[in-house]
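# Chain and residue survey
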Amino acid sequence: MKTLKFKLYSHKRNKYLKRSINVAGVIYNHCIALHKRYYRLFGKHLNCSRLQSHIAKLRKRKAFWQQVGSQAVQDICQRIEKAYQLFFKHHKKGVRPPNFKKVKKYKSFTLKQAGYKFLGVNRLKIGDKIYQFWKSREIEGAIKTLTIKRTPLGELFMVVVVDDCSELQIRSTTGKIAGFDFGLKTFLTCSEGFDIASPSFLKQSLTSLKKASRHHSKKVKGSNNREQARLNLVRKYEDVSNRRSDWFWKLAHDLTDKFDVLCFETLNLKGMHRLWGRKISDLAFGEFLQILEWVGKKKGKQVVYIDRWYPSSKTCSCCGHILESLDLSVRRWRCPSCQAENDRDINASINIKMVGASTIRLGDVRQALPAISV
Ligand SMILES: [Zn+2]
């Protein structure tokens, strides 16, 4: 599966798509209400296919609802079902069930095989209207789904999921393995003797973000000025996240070119939050790992995660001696057993590499999926 994203040209006609998204939001809220009532009455979870057939019948009677395709309506039920399944599985970890959403903030609707048609080079027909998009790349392979997405800025994007028929890229093997430790000031410390500093542009744009957000909150609610300030803020946010993900992609390609196996600690986002505060969401380690896994898979490289309870900082990488405690402020420490002087981050990254290497050799490769524990 491959996801391609195209921007729709802004046009008066786009209001029909935005309206469809709004209608999808209304239907979504209707479904949530049905779920809640069903549970209240019967104490059971409302079955997805029953909901789908009920909603489909209802749609036939409501002209307003017919502004979204029948497949998009099915998809809404499936989205809710997915969210409930996630809730049933992980409610102990604090995952909440799906809830009502503001229609204004509802983002997208999805079509499967029907309800749209590609015409010519860059034209797309949805319903009886034709929209144009900026064709930044070819759409190859069979189209699985087509999603129309609205950003907070009010722009529309078309997201196409296609069957990825392209094979793996040529594997260039380096025979090298490396361990990495995430940090605040240095983004990554590598066991092979180099580190990657957090890009400074993030810090700069953060200051301007703060300023924009202050401006926004000072404006009178519902005023024109507030809307302008909101758009300004949203643009800034998008700019930061675009620059960050660009940097992530480049870094991921760089690292997978250098190494065959890359070992990381399983992220414990909650714990990191407690330790470091808000900053960690700015660094978006989770997003980086997702990108790295994707690039790694393409190039036939391996991303290995070690147990999050392994004391990577407290263990001496020379002799294996484990300290009882190590304060966060201590950057260097001398091992009482072998007298080696350890830099905190480098030591941790070497340990991560060693544990990761042994994990693979045992043939017990814990693959990437549950990389982020919430
Ligand atoms: Zn030691």
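Each remark here, short or long, concerns the structure printed above.
These remarks concern the structure in this document. (Residues numbered from 1 in each chain as written. Predicted model: local features only at pLDDT ≥ 70, side-chain atom pairs only at ≥ 80, totals over all residues. Heavy atoms only, no water.)

## Remarks on the packing of aromatic side chains
Cut-off, in case you're wondering: Each Phe, Tyr or Trp ring (for Trp, its six-membered ring) is paired with any other whose centre lies within 6.5 Å, and the angle between the two planes then decides the class: stacked below 30 degrees, edge-to-face above 60, tilted in between. By definition, any uninterrupted DSSP run of H or I lasting at least four residues is a helix, any uninterrupted run of E lasting at least two residues is a strand, and each is numbered from the N terminus. With a 1.4 Å probe rolled over the protein chains alone, any residue whose accessible area is under 20% of its type maximum counts as buried; one over 50% counts as exposed, and the rest are partly exposed.
Overall, the coordinates contain 20 aromatic pairs when judged by the stated rule. On the basis of an interplanar angle of 85° and a centroid distance of 6.1 Å, the ring pair of Phe118 and Phe133 is categorised as edge-to-face. Separated by 15 residues along the polypeptide, Phe118 in strand S3 (residues 116-119) and Phe133 in strand S5 (residues 129-134) bring together distant segments of the chain. A residue is classified by how much of its surface remains accessible, and Phe118, at 28% relative accessible area, is partly exposed. Ring geometry for Phe187 and Trp247: centres 5.3 Å apart, planes at 75°, overall edge-to-face.

## Description of the sheet that holds S3
Let me state the cut-off plainly: When DSSP finds at least two bridges between two strands, those strands are taken to pair. Throughout, an axis means a line fitted to C-alpha atoms (over the contacting stretch in the case of helices), and angles, computed between N-to-C directions, take values from 0 to 180 degrees.
Strand order across the open sheet formed by 7 strands is S2-S6-S7-S1-S5-S4-S3, with antiparallel pairing between neighbours. Across the chains shown, the open sheet's two edge strands, defined by having one partner strand only, are strand S2 (108-111) and S3. Here the strands of the sheet are splayed against their neighbours by 30° on average, with no regard to which way each runs. Note: S3 against strand S4 (residues 123-126), 4 bridges, orientation antiparallel. Considered in S4, the bridge of Phe118 is made with Leu124.

## A short note on the coordination of the zinc ion
To be explicit about the condition: For Na, K and Ca the donor cutoff is 3.2 Å, while for all other metals N, O and S atoms count as donors only within 2.8 Å; water does not appear among the atoms, so some sites may look incomplete. Square planar and octahedral sites, with four and six donors, are those where opposite donors lie more than 155 degrees apart and all other angles lie between 65 and 115, tetrahedral sites have four donors with every angle between 85 and 135 degrees, and the rest are irregular.
Within the protein, the zinc ion binds to Cys316 (SG), Cys319 (SG), Cys335 (SG) and Cys338 (SG); these donor distances fall in the range 2.3 Å. Coordination at the zinc ion is tetrahedral: its 4 donor atoms span angles of 106 to 113° at the metal. Linear spacing of the donor residues for the zinc ion on their chain is C-x2-C-x15-C-x2-C. With Cys319 in the loop between strand S13 (302-306) and strand S14 (332-334) and Cys335 in the loop between S14 and strand S15 (341-343), this residue pair connects regions lying 16 residues apart in the sequence.

## What to know about the packing of helix H1 (residues 14-42) against helix H2 (residues 48-61)
We apply this condition: Each angle gets one of four labels, with under 35 degrees taken as roughly parallel, over 145 as roughly antiparallel, 65 to 115 as roughly perpendicular, and the rest as oblique. The crossing is said to be left-handed when, going from far helix to near helix, the turn is anticlockwise and less than a right angle, and right-handed when the turn is clockwise. Contacts between residues were defined by any pair of non-hydrogen atoms, one from each residue, lying within 4.5 Å. Under this grouping Gly is polar, as are all residues other than the nonpolar Ala, Val, Leu, Ile, Met, Phe, Trp, Tyr, Cys and Pro and the charged Asp, Glu, Lys and Arg.
The contact between H1 and H2 brings their axes to 12 Å, and the two run at 130°. With respect to their mutual orientation, H1 and H2 come out oblique. Crossing geometry of H1 relative to H2 is assigned as right-handed. Seen from H1, the contacting residues are Ile27, His30, Cys31, Leu34, His35 and Tyr38; seen from H2, they are Arg50, Leu51, His54, Ile55 and Leu58. In terms of residue class, the contact of H1 with H2 is made up of 7 nonpolar, 3 polar and 1 charged.

## Looking at the environment of Pro336
By the element assignment, Pro336 lies in the loop between S14 and S15. Each C-alpha atom of the pair Pro336 and Ile32 lies 60 Å from the other, and the pair is 304 residues apart in sequence.

## Details of the packing of helix H4 (residues 200-218) against helix H5 (residues 224-258)
Look at H4 against H5: their axes get within 9 Å of each other, and the N-to-C directions meet at 165°. Taken together, the axes of H4 and H5 are roughly antiparallel relative to one another. The two elements H4 and H5 cross, and the hand of that crossing is left-handed. Every residue of H5 that contacts H4 at Phe201, Leu202, Ser205, Ser208, Leu209, Ala212, Ser213, His215, His216 and Ser217 is listed here: Arg226, Ala229, Arg230, Asn232, Leu233, Lys236, Tyr237, Val240, Arg243, Arg244 and Trp247. Residue composition of the contact of H4 with H5, grouped by class: 9 nonpolar, 7 polar and 5 charged.

## Side note on the pattern of salt bridges
Applicable threshold: Any carboxyl oxygen of Asp or Glu within 4 Å of a side-chain nitrogen of Lys or Arg constitutes a salt bridge here.
What the rule picks out here adds up to 16 salt bridges. Between Lys353 and Glu192 there is a salt bridge whose closest N-O contact spans 3.0 Å. Of this pair, Lys353 sits in helix H9 (residues 344-361) while Glu192 is found in the loop between strand S9 (186-190) and strand S10 (195-197), placing the two residues 161 residues apart along the sequence. Taking the relative accessible area as the measure of exposure, Lys353 reaches 22% and is therefore partly exposed.

## Comments concerning the side chain of Asn342
Checked against the element boundaries, Asn342 lands in strand S15. We classify Asn342 as buried; its relative accessible area is 4%. The contact partners of Asn342, leaving out residues within four places of it in the chain, are Cys316, Ser317, Cys318, Arg331, Arg332, Trp333, Cys335 and Asn347.

## Describing the pairing of strand S8 (residues 177-182)
Of all 6 residues that make up S8, 5 are buried, and the element is covered over most of its length. In this structure, S8 lies alongside strand S11 (residues 261-265), joined through 3 bridges in parallel fashion. Counted as the bridge partner of Ala178 is Leu262 from S11. As paired strands, S8 and S9 are joined by 3 bridges and run antiparallel to one another. Residue pairing across strands places Asp181 opposite Thr189, the latter belonging to S9. Joining the antiparallel neighbours S8 and S9 is a turn of 3 residues.

## Thoughts on the environment of Val95
The topology assignment puts Val95 in the loop between helix H3 (70-90) and S2. Counting along the chain gives 132 residues from Val95 to Glu227, while the straight-line C-alpha distance between them is 32 Å. Setting aside anything within four residues of it in sequence, one finds Val95 in contact with Leu86, Phe87 and His90.

## Overview of the sheet that holds S13
Here 5 strands make up an open sheet; going across it, the order is S10-S9-S8-S11-S13 and the pairing mixed. Of all the strands in the sheet, the pair left with one neighbour each is S10 and S13. Pairwise comparison of adjacent strand axes, ignoring direction, gives a mean angle of 25° for this sheet. Here 3 bridges tie S9 to S10, and the two strands are oriented antiparallel to one another. Along S10, the bridge assignment pairs Thr189 with Asp195. Across the sheet, H5 lies against S8, S9, S10 and S11, angled at about 5° from S9, the strand it touches most. Together, S8, S9, S11 and S13 form the strand contacts of helix H8 (residues 285-299), whose direction differs from that of S13 by roughly 140°.

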